[in-house]
Amino acid sequence: MRDSGINVLFLGKNFLRLLEGLGVTLRISLIAVLLSLPLGILLGMFMTLKNPVSKAISRIYLEFIRIMPQLVLLFIAYFGVTRMFGWNLSADVSAVIVFTLWGTAEMGDLVRGALISIPRHQYDSAAALGMTKVQTFIHVVVPQTMRRLIPLTINLTTRMIKTTSLVVLIGMTEVLKVGKQIIDANRFEYPTAALWIYGVIFLLYFLACWPISMLAKKLEKRWR
Amino acid sequence: MGLNFDFIVKYLPWYVDAAILTVRVAFLGILFSLVVGIICSAVQYYHIPVIRTIVSVYIEISRNTPLLVQLFFLYFGLPKIGILLSAETCAVVGLTFLGGSYMSESIRSGLESVEKSQIESAASLGMGKVLTMKEVIFPQALAVSVPGICANVIFLIKETSVVSGIALADLMYVANDLIGLYYETDETLIMLVLFYLIILLPISAFASFIERRLRYAGFGN
Amino acid sequence: MEERIQLKVKGLVKRFGSETVLDGIDLDVHKGEVVVVLGPSGCGKSTLLRCMNGLESLSEGNIFLDGEEVSSSGKKITMLRQKIGMVFQSYDLFPHKNIMDNITLAPVKVQKRPKKDVESQAEKLLKRVGLWEKRKSYPRELSGGQKQRVAIIRALCMNPEVMLFDEVTAALDPEMVREVLDVMLELADGGMTMVIVTHEMQFARAIADRVIFLDGGNIVEDLPPEEFFTAPKTQRAKDFLQTFAYEKRRTDTN
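What counts and how
Residues numbered from 1 in each chain as written. Chains lettered and ligands numbered in written order. Predicted model: local features only at pLDDT ≥ 70, side-chain atom pairs only at ≥ 80, totals over all residues. Heavy atoms only, no water. Helix = DSSP H or I, 4+ residues; strand = E, 2+ residues; numbered from the N terminus. Rg over C-alpha atoms; globule rule 2.2 N^0.38 Å. Buried < 20%, exposed > 50% of the residue type's maximum accessible area, 1.4 Å probe, protein only. Areas by Shrake-Rupley, 256 points an atom, 1.4 Å probe, with all protein chains shown as cover. Contact = heavy atoms within 4.5 Å. Buried area = accessible area lost by both parts, 1.4 Å probe. Salt bridge = Lys/Arg side-chain N within 4 Å of Asp/Glu carboxyl O. Polar contact = N/O pair within 3.5 Å; in protein donor to acceptor, adjacent residues only side chain to side chain. Nonpolar A, V, L, I, M, F, W, Y, C, P; charged D, E, K, R; others polar. Patch = residues over 30% accessible without salt bridge, like charges linked within 9 Å, V, L, I, M, F, W, Y side chains within 5 Å. Pairing = 2+ DSSP bridges. Axes fitted to C-alpha atoms, helices over the stretch in contact; angles between N-to-C directions.

Honestly, the overall build of chain C in this entry has me stumped. Any pointers?
Assigned secondary structure in chain C consists of 9 helices and 10 strands. Computed over the C-alpha atoms, the radius of gyration of chain C is 18 Å, within 12% of the 18 Å expected from 2.2 N^0.38 for a compact globule of 254 residues. For chain C, the C-alpha atoms occupy an extent of roughly 55 × 50 × 40 Å along the three principal directions. Scored against the burial criterion, the 254 residues of chain C give a buried share of 53%. Carbon together with sulfur atoms contributes 46% to the accessible area of chain C, which is approximately 11500 Å² in total.

Printed below as a string of structure tokens:
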């Protein structure tokens, strides 16, 4: 029986169901990344302001989001918010909210880092050439921060994909849950199904993340 | 909101036990991650053939898969081929599998930051490979690696939260249990956040202290 | 100067990929001799020095120290390197160790000499170059000229038989060059065998027993300094010296 476990994948629509399960988390990652990008850029710029109040607020937000395990944040959104405000957030809405909040914090920090990495004399020489602040930002600052940011942003996407795997723990039906259903349904015919199903899920995640990581690495090397 | 303090007092011991488990798993995982990281970075730094390729494959796999999926494979998958590990062993193995690659990358970037001329000047003083590593490369690399290693430590402690997925009674597991049993959600979640803060804040503060010291006491040639 | 050959380079060829940097160098350095290697940048003079210290593998040929071969592998090379001191352009003090520890590290750990002995030797040398008060400082607290003097002392405390100097003043501010060159002059007077790569022509003329002019990976001239600077034999050496004479003319007209 040991070598037949792999056949469970080709039974009915099992493999397709796994892919659909993966699609659930990938969709959440994609939405969260797309929302995090503009919000994170705003947050990053907000953090470079010299105002002590804005600094304190963004700092607390950033520190709290980054020090808490994402799963804790997910629990707070899914269980806590429902109770506190009486909103009944579905698991996928909670997930999008939490991962957007998290992604915004991470992105904001990346943007801030890229902005403050531009040396003082770049601003000085732009000013010496008679450029206005806006012109300096558009023609000097943005192009330089972009090169630094794009690889890091792509990396954030893979981190997002990996992190969204957590949604199974707030009861969402995604790839791990689908896998478990398949394993349970075939418990007697295919006792080794768990090995193959979880192995395949492992591989699927790798195939989803690895090309993106490679792209980030490549861009980082080229633009350094 | 009025908090139910009786509830908090009653279930405090659950949290304490869970926190101990979280810390134990994290500590062992981080320790082994460092060992794996040191070995892997050394293999890459010294360009040891064949093993080096294996190490790069490991690093790519480890960095591009979620810990939760790694754990499911270890805990539910491996027993099917006769490898039976306890949930806690799985958690430590999984954390090491994940953390080893992160540690390796941090250590390697430190090793590679030591300039070649430093190594040559040690060689010109008749120092052998081992002595050069111990006296010249390692201390300088450490200064560069430590911030990254600290970040990894915090990251790995946070990652332990997913071990509840394989039914290990950590903080998340206890919180999930209590919410399911009693619906005292506010208290449960506040305790959860507090316990993670108690574990993570001192480490995070220590990490930024170290980082600041390293930055200002930078050697600079 | 004795007649004994201390360092012998025989048929040395060094290639980097398809590029031949050194193309059959033969050179004997006698005990107590000071050889200055000159040549345009990229002529291979630094590579020659690095080969002598086993930092580069040789494509062809051999190098002997006191008749023993210097090969770039094995335990033997670390033994031989203890007899050949080398000082680099970028000083390369160890940034995480203070001045005294920089100096004593190798004699204590490599040569297994008692720390006390090395420290008293270091004390003498540091006092001679006026850096004794800096013994507890870290390299970052020293000027370039001070660091380079420490680097020389660090090499000297291994009690080498030969010292190699690779453009040791090239990274220094002009006003610090002198303090380093003075230390080297003193060393030469003390009878140290030295091979020096430098761009300081005045200094080369003052310190050298012999000038080697390297171009295109070959030794083009091998003359006493007076002769080399006043009557070089080849056109290439004349052209090379001309590039420095140009600077000279400008300072004259000022």
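Looking at this model, I keep getting lost on the interface of chain B and chain C. Mind explaining?
Often, the extent of an interface is quoted as the loss of accessible area on bringing the components together. With 23 residues of chain B at the interface, the matching set in chain C holds 26 residues. For the pair chain B and chain C, the summed buried area comes to about 2100 Å², and 59% of that belongs to carbon and sulfur atoms. Here chain B is connected to chain C by 3 salt bridges. Linking C:Arg50 and B:Glu120 is a salt bridge whose minimum nitrogen-to-oxygen distance equals 2.4 Å. Summed over the shared surface of chain B and chain C, the number is 8 residue pairs in polar contact (both at pLDDT 80 or more). Breaking the side of chain B that touches chain C down by element, the ones donating at least two residues are α5 (116-124) and α6 (129-159) of chain B. Per-element tally for the side of chain B that touches chain C: the top contributor is α5(B), with 8 residues. Taken together, the residues of the side of chain B that touches chain C break down into 9 nonpolar, 10 polar and 4 charged.

What's the story with the pattern of salt bridges in this structure? I'm lost.
Two side chains carrying opposite charge are able to pair once their charged atoms lie near each other. In this structure the tally under the stated criterion is 29 salt bridges over all chains. Put simply, A:Arg187 and A:Asp184 hold a salt bridge, and the shortest N to O gap is 2.5 Å. The exposure class of A:Arg187 is partly exposed, given its relative accessible area of 44%. Between C:Lys109 and B:Glu135 there is a salt bridge whose closest N-O contact spans 3.3 Å. Here B:Glu135 lies in helix α6 and C:Lys109 lies in helix α3 (residues 99-109), a pairing that spans two chains. A single salt-bridge network, built from bridges that share partners, covers A:Arg66, A:Glu106, A:Asp109, A:Arg112 and A:Arg159.

Help me out: how do you make sense of a nonpolar patch on the surface in this one?
All names here are of chain A. Taken together, the side chains of Ile41, Met45, Val134, Phe137, Ile138, Val142, Met146 and Ile150 define a hydrophobic patch exposed on the protein surface, amounting to about 630 Å² of accessible area. Listing elements by their share of the nonpolar patch, those giving two or more residues are α1 (14-47) and α6 (133-163). No other element matches α6, which puts 6 residues into the nonpolar patch. One can find Ile41 in helix α1.

How should the sheet that holds strand β7 (residues 162-166) of chain C be read in this particular structure?
Whenever strands of a sheet pair, they do so through backbone hydrogen bonds, lying parallel or antiparallel. Residues and elements named next belong to chain C. Pairing in this open sheet of 6 strands is mixed, and the strands run β6-β7-β8-β3-β9-β10 from one edge to the other. Strands with a single pairing partner mark the edges of an open sheet, and in this sheet they are β6 (84-87) and β10 (218-223). Ignoring strand direction, the axes of neighbouring strands in this sheet form an average angle of 20 degrees. Where β7 lies against strand β8 (residues 193-197), 5 bridges are found, and the strand directions are parallel. Pairing of Asp166 across the sheet is with Val197, part of β8. Helix α5 (residues 144-156) contacts β6 and β7 of the sheet and is inclined by roughly 170 degrees relative to β6.

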